Amino acid sequence: MVERCCLAVVRVLVLQAAWALSGGQVRYSVPEEAKAGTVVGRLAQDLGLEAGEAEARRLRLVAPGRRASVEVSGASGALLVSSRLDREELCGKSAPCALRLEVLLERPLRVFHVQLEVTDINDNAPVFPAAWKNLSIAELSVPGSRFPLEGASDADIGANAQLTYTLSPSEHFSLDLQKTDMDGESLFLVLRKSLDRETIPVHRLVLTATDGGRPSLTGTMELVISVLDANDNAPQFNQSVYKVQLPENAEHGTLVIKLNATDLDEGSNSNISYSLETLFPQDGKGVFGIDRKSGEIRLRANLDFEEVSLYRLQVDATDQGNPPLSGHCKLLLEVLDVNDNAPEVWVTSLSVPVPEDASLGTVVALLSVSDRDSGENGRVRCWVWPASPFGLEATFAGSYSLVLREALDRERVSEYEVEVRAEDGGAPALRASRGLRVPVSDVNDNAPSFAQAVYTVLARENNAAGAELARLWARDPDEAANGRVSYSVWDGGVGVGGGGAAGSSSGVGWRPASSYVSVDAESGRLWALQPLDYEELQVLQFEVRAVDAGEPPLSGNATVQLFVLDENDNAPALLPAAGSASGTLWAWAAWGAPAGQVVAKIRAVDADSGYNAWLRYELWEPRGKGPFRVGLYSGEVSTARALDEADGPRQRLLIVVRDHGEPARSATATLSVSLLEAAEAALAAGSSSSSSLVSRSAAGVELGAGAASAATNVWLVVAICAVSSLFLLAVVLYGASRWAPRAAVLSAPGPTTLVCASEVGSWSYSQRHSRSLCVADGAAKSDLMVFSPNFPPPPPAPAAKDAQPEPSALLDTVSGNNFLSSPTRTKPFCPSRFAGFAGIRAPFPRPETDECLTGSSRVLKDTNGSFASALWRNIELSPQPGAVMVPSCNLLLCVSIVLS
């Protein structure tokens, strides 16, 4: 393949060198009237093309300005005659008759010039102006008198147009043919013998014209000679030949020449009348007219130098004698050229559209320019307007190439209106122009670009799946496939913020952005694949990529920051979620407690943020002047006045927790407050401490099935010890109450009370603020056991706006939770309810009891039927002042601490 390419290159170079040496033309000749299909020459072979290359490279013929009578065979590359060739029609009397042809060879584009000479054949017979001619000759004419005759004309040239004349046999007349450089041929009828009108009044002769072709052709004209009597002097002109020049733009009626002939005779024989006859061209009659009396010749029709440049006229002057005599002269009228023809511009080849990355010098079009005028009037100069980015290069006489001179940019100019202007050298100069529309084809040279590098999109949570979030648009100035942009979400990796507490194992997860949003590949419409949840996701940042369909494709990126707006879609949640068996929370207060004494604290969280998570507490029932009130934002239930026995043994409070969202959401809590004597209240406080310990032990670590028996024995021992200790404590408290005056035990400092809280403790607003401690075994725990003095805790610190609420204990009494059945409480206590009431979080499913036990029989049983025992390993830091932190304790240790 490489050798073949090298040989082809060498062949082209040799051919170009040969062309340069030979003038760049191929010359052929063909006789006129050749039949269609006649092979003129093997054009492809003469141009150095291989077999089949002419058809592959589209060898074709361009004949500017006229219909071509030859064509190029696409298969063989030969130059063939396609229609009748008439040399007389193509070139007239011009010799030689050479046609200039342009041959185009595409892929790559090249132009060659071919000169085709049409040779003459003897296909035209001599033709006389008329079939017969009347001559009047006076009988007094002396022998040797000469009478001019109109010769025949032959459209052929050369030897085929060389005429010889013969006259039919006659003893009176003969022919004389004279040839001069000025006048050309002149034919005369010569009188050889005196005429006798009485013998022969009319002589009929046949004049024959024979051309020099082989075979020769002839033409005849009959001469009718009338013999006249008397008038023996013919009119005479002072010149035999007159020459006149007339511009081709002369107006009608213009005087060409005034001729004057003289006659020596007198009287009527000297009265002369003039007549005019056109000898050449034969179709030139009517162009000129002569005044029969004055001899003035005037112009009657338009002259056109490009059609006829020379007229040959014969003027006859005839007297009125009897018989009349005539004198003859010739008028040669030369038509002068004026600049009356504008240049003509033809587009012979146009290669459009032009790629915008086309190299400089690329040929866009081939043009041919001509002017029918001659001399300076026919000399043409050409240029392109506007000048950039195209220009003209002359390739041959009258041929130009329109080439690219500057780089193109379709995005700046997609189409050029080019005007090729031509101007001749006349005065004034005439101009012509040819408009070309040159479209520029696109290449993929522009990448899609977004209007913004970063788009900020706001979307409310709980939106419908498929909801439109935004519309992105990238601009690509290319066209068609190069400018057709498709969009996609780029999953290069997106971190999504979860809803877990800071420092916990749940928190930040990785999910691709395409699991949340999608973008329409055609329109750039960004829509949600699923409802968004602010509590799960607040900010989603990802990239959208725009790729065009060009080759190679180009792309652009834009960053989208999707901010999820919170809606009030979460109602406040009371912690823990379940209260006692009936959903009622319990608290104890002593008669005589002063106003402002905190009895309990209601704790709730809202998963929303901002105003949607700002909670307020309202006492719904009883309305009016009740003995209790609730803090609007703290949730602390306190005495509104001093309690007395008239308030009854029990107060049932209905508390509503509302957020500040629109619309507001709420939750209700029922609090049952038992009013006791001071001693009973103290006993309830102690029993509640023990119950808290038991509950926390029950909510600890789940044991396997193999440890069920050992756990049962341990819990039996623990239960017996706890009941015995509590019985002794009750006896001591009862004795103390008998000798001690009634006092507000809950309001004075006293022995510390055990409070066990989980990560849903009531002092933290959000789970994100929960703290954990690591004990010796390395496990991170959230449970907390503290000793707290018996006075109300300070109000909780305001939670950070970006913090997520952590579960808090629903109820925290100052005196502790009552685990044992109090003297005034005969309803059995369920450990499952107690676990929820105390806010204990277990790592296993909350144990359920087969039955609710009272007294000393308290055994927690999980759903699998195995007994569970738990050790408190971890402690949550208590926000209450004076709290004592216990790193780790089991149930027996907690009971012993309480007893001490």
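Please read all numbers here as calculations on a predicted model, not as lab measurements.

Caption draft 1: Region of the structure containing the overall build of the chain. Across its full length, the chain holds eight helices and 56 strands. Across the 900 residues that make up the chain, the buried fraction comes to 45%.

Caption draft 2: Structural detail: the sheet that holds strand β21 (residues 296-299). With respect to topology, three strands assemble into an open sheet ordered β17-β21-β20, the strand pairing being antiparallel. Edge positions in the sheet fall to β17 (255-258) and β20 (288-290), since each of these pairs with one other strand and no more. Taken pair by pair, the neighbouring strands of this sheet meet at an average axis angle of 20°, ignoring direction. Strand direction decides the pairing type here: β20 and β21, joined by three bridges, are antiparallel. For Gly 289, the partnering residue across the bridge sits in β21 and is Arg 298.

Caption draft 3: Structural view of unusual backbone geometry. The omega angle of the peptide bond from Ala 427 to Pro 428 is 0°, so this bond is cis rather than trans. For Pro 428, the location among the structural elements is in the loop between β30 (415-424) and β31 (431-441). Here the bond from Glu 662 into Pro 663 is cis, since omega is -5°, no more than 30 degrees from zero. Note on placement: Pro 663 falls in the loop between β50 (650-659) and β51 (666-676).

Caption draft 4: Geometry of the packing of aromatic side chains. What the rule picks out here adds up to eight aromatic pairs. One aromatic cluster is present, built from ring pairs that chain together Phe 450, Tyr 455 and Tyr 487. Between the NZ or CZ atom of Arg 146 and the centre of the ring of Phe 188, over which it lies, the distance is 4.6 Å.

Caption draft 5: Fine view of the confidence of the model for the chain. Per-residue confidence for the chain gives a mean pLDDT of 74, with 71% of residues at or over 70. Across residues 493-508 the pLDDT falls below 50, and counting only partners more than four positions away or on other chains, this stretch makes 34 contacts in the model. pLDDT under 50 marks residues 742-900. Its contacts with residues more than four places away, or in other chains, come to 394 contacts.

Caption draft 6: Here's a closer look at the pairing of strand β23 (residues 326-336). Sheet topology note: the strand β16 (residues 241-247)/β23 ladder contains seven bridges and is parallel. Residue pairing across strands places Gln 245 opposite Glu 334, the latter belonging to β23. Where strand β22 (residues 310-319) lies against β23, nine bridges are found, and the strand directions are antiparallel. By the bridge assignment for β23, Thr 318 is matched with Ser 326. If you look at the hairpin formed by β22 and β23, you'll find six residues sitting between the two strands.

Caption draft 7: Broad picture of a nonpolar patch on the surface. On the surface, Tyr 611, Trp 614, Leu 632 and Tyr 633 cluster together into a nonpolar patch covering about 450 Å² of accessible area. Checked against the element boundaries, Tyr 633 lands in the loop between β48 (628-630) and β49 (636-639). Here Tyr 633 falls in the partly exposed class, since its relative accessible area comes to 43%.

Caption draft 8: Quick peek at the pairing of β49. Side chains Glu 636 and Ser 638 of β49 all project onto a buried face; the interleaved residues Val 637 and Thr 639 project onto the opposite face, where all are buried too. Alignment of strand β45 (residues 598-601) against β49, held across three bridges, turns out to be antiparallel. Bridging from a neighbouring strand, Ala 600 pairs with Val 637 of β49. Relative to β49, β48 is paired through three bridges, and the arrangement is antiparallel. Counted as the bridge partner of Phe 628 is Thr 639 from β49.

Caption draft 9: Quick peek at the environment of Pro 627. Among the secondary structure elements, Pro 627 is positioned in the loop between β47 (615-621) and β48. For the pair Pro 627 and Ala 640, spaced 13 residues apart in sequence, the C-alpha to C-alpha distance is 5.1 Å. Every residue in contact with Pro 627, bar those within four places of it in the chain, is listed here: Ser 638, Thr 639, Ala 640, Arg 641, Leu 643, Asp 647 and Gln 651.

Caption draft 10: Spotlight on the side chain of Ser 401. The topology assignment puts Ser 401 in strand β29 (residues 399-404). For Ser 401, a relative accessible area of 6% puts it in the buried group. Once you skip the residues sitting within four places of it in the chain, Ser 401 turns out to touch Val 363, Ala 365, Leu 366, Gly 391, Leu 392, Glu 393 and Thr 395.

Caption draft 11: Structural detail: the sheet that holds strand β41 (residues 539-548). A sheet is described by the order of its strands in space; here four strands give the open sequence β33-β42-β41-β36, paired in mixed fashion. What marks the edges here is a single partner per strand, and that holds for β33 (454-460) and β36 (485-490). Strand-to-strand twist of the sheet, defined as the mean angle between neighbouring strand axes without regard to direction, takes the value 30°. Sheet analysis places β33 next to strand β42 (residues 555-565), joined by seven bridges and oriented parallel. Residue pairing for β42: Thr 456 is matched across the bridge by Gln 561.

What counts, and at which threshold
Residues numbered from 1 in each chain as written. Predicted model: local features only at pLDDT ≥ 70, side-chain atom pairs only at ≥ 80, totals over all residues. Heavy atoms only, no water. Helix = DSSP H or I, 4+ residues; strand = E, 2+ residues; numbered from the N terminus. Buried < 20%, exposed > 50% of the residue type's maximum accessible area, 1.4 Å probe, protein only. Pairing = 2+ DSSP bridges. Axes fitted to C-alpha atoms, helices over the stretch in contact; angles between N-to-C directions. Phe/Tyr/Trp six-rings, centres within 6.5 Å; stacked < 30°, edge-to-face > 60°. Lys NZ or Arg CZ within 6 Å of the ring centre and 35° of its normal. pLDDT = per-residue confidence, 0-100. Contact = heavy atoms within 4.5 Å. Patch = residues over 30% accessible without salt bridge, like charges linked within 9 Å, V, L, I, M, F, W, Y side chains within 5 Å. Areas by Shrake-Rupley, 256 points an atom, 1.4 Å probe, with all protein chains shown as cover. Salt bridge = Lys/Arg side-chain N within 4 Å of Asp/Glu carboxyl O.

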